Amino acid sequence: MKKTVDARPDWDDYFMEIARVAARRGNCLRRKVGAVVVRDRRIISTGYNGTPTGVRNCCEGGCPRCASDRPSGAGLAECVCSHAEENAITQAACHGIAVRDASLYSTMSPCLICAKMIINAGIREVVFEEEYEFSEQTRALLHEAGVRYRRASPS
């Protein structure tokens, strides 16, 4: 009997699936987002959204804003949660790993603040699964800085 071999995922599907798994670790009450930083087709860092290290998890009451009934997008300046992209970049920095010229895979498009971090970290490409408030300002900033961005093709 001949064994069938499942089709191997292409690189985008492979890294995006890992970002989806990272998202499951998120402790934010509002949304689960995961990110993976990749250089030369090797994972160098991962991140998910939630409260900073050493702070009570969002799902345990660590972020009063997320635990409130505020509508999506309101009171963001009071949110203590870090974004998945932010965590992936800062985890690499914490461990002395350079992310220059890497690609970042994320389950959501980056916000303006994360776009600035991506640019300043030297990341050259962002691949995202779903758009979430991916503003024209964010797109223009990434474009001007020479950071490619694209939505991943559906698997």
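Heads up: the structure comes first, above all this text.
Here's what I pulled together on the structure shown here.

What counts and what doesn't
Residues numbered from 1 in each chain as written. Predicted model: local features only at pLDDT ≥ 70, side-chain atom pairs only at ≥ 80, totals over all residues. Heavy atoms only, no water. Helix = DSSP H or I, 4+ residues; strand = E, 2+ residues; numbered from the N terminus. Buried < 20%, exposed > 50% of the residue type's maximum accessible area, 1.4 Å probe, protein only. Contact = heavy atoms within 4.5 Å. Areas by Shrake-Rupley, 256 points an atom, 1.4 Å probe, with all protein chains shown as cover. Pairing = 2+ DSSP bridges. Right-handed = clockwise from strand over helix to strand, strands pointing away. Core = buried A, V, L, I, M, F, W, Y, C linked by side-chain atoms within 4.5 Å. Phe/Tyr/Trp six-rings, centres within 6.5 Å; stacked < 30°, edge-to-face > 60°.

Some points on the overall build of the chain
Item 1. For the chain, the helix and strand inventory stands at 5 helices and 5 strands.
Item 2. For the chain, the α and β elements follow one another from N to C terminus as α-β-β-α-α-β-α-β-α-β.
Item 3. If you line up the chain on its principal axes, its C-alpha atoms span 55 × 45 × 30 Å.
Item 4. Within the span of the chain, comprising 155 residues, buried residues form 39% of the whole.
Item 5. Nonlocal contacts in the chain, meaning residues at least 24 apart in sequence, comprise 54% of its contacts between residues at least 6 apart.
Item 6. Looking at the chain as shown, the accessible area adds up to about 9400 Å², and 50% of this sits on carbon and sulfur atoms.

Focus on the pairing of strand 4 (residues 125–130)
Item 1. Note: strand 3 (residues 103–108) against strand 4, 5 bridges, orientation parallel. By the bridge assignment for strand 4, Met 108 is matched with Glu 130.
Item 2. Crossover connection from strand 3 via helix 4 (residues 112–121) to parallel strand 4: handedness right-handed.
Item 3. Pairing analysis gives 4 bridges linking strand 4 to strand 5 (residues 148–151), with the strands arranged parallel. If you follow Val 126 over to strand 5, its bridge partner there is Tyr 149.

Considering the environment of Ala 145
Item 1. Tracing the backbone through its elements, the reader meets Ala 145 in the loop between helix 5 (136–144) and strand 5.
Item 2. For the pair Ala 145 and Ile 119, spaced 26 residues apart in sequence, the C-alpha separation works out to 6.7 Å.

Remarks on the pairing of strand 2 (residues 42–48)
Item 1. Taken together, the 6 bridges between strand 1 (residues 34–39) and strand 2 define a ladder with antiparallel strand orientation. Residue Arg 39 lies in a different strand from strand 2, and its bridge partner there is Arg 42.
Item 2. In this antiparallel pair of consecutive strands, strand 1 and strand 2, the connection spans 2 residues, and Asp 40 shows a positive phi of 55 degrees.

Considerations on the nonpolar core
Item 1. Grouped together as the largest cluster of nonpolar side chains are 21 residues, with contacts concentrated most on Val 37, Ile 89, Val 99, Leu 104, Ile 118, Ile 123 and Leu 142.
Item 2. Of all the secondary structure elements, the ones that give two or more residues to this core are strand 1, helix 3 (84–94), strand 3, helix 4 and strand 4.
Item 3. In this structure Ile 89 touches Leu 104, Met 117, Ile 118, Ala 121 and Ile 123, once residues within four positions along its chain are discounted.
Item 4. Phe 15, Met 16, Tyr 105 and Ala 152 belong to the second-largest nonpolar core, a separate cluster that totals 8 residues.

Overview of the packing of aromatic side chains
Item 1. Evaluation of the coordinates by the stated rule reveals 6 aromatic pairs.
Item 2. On the numbers, 5.9 Å between centres and 80 degrees between planes, the contact of Trp 11 with Tyr 14 is edge-to-face. Of this pair, Trp 11 and Tyr 14 both sit in helix 1 (residues 11–23), separated by 3 residues, roughly a single helical turn.
Item 3. Classification of Tyr 14 by relative accessible area gives partly exposed; the value is 38%.
Item 4. Each ring, one from Phe 15 and one from Tyr 105, has its centre 5.3 Å from the other, and the planes form 45 degrees; the classification is tilted.

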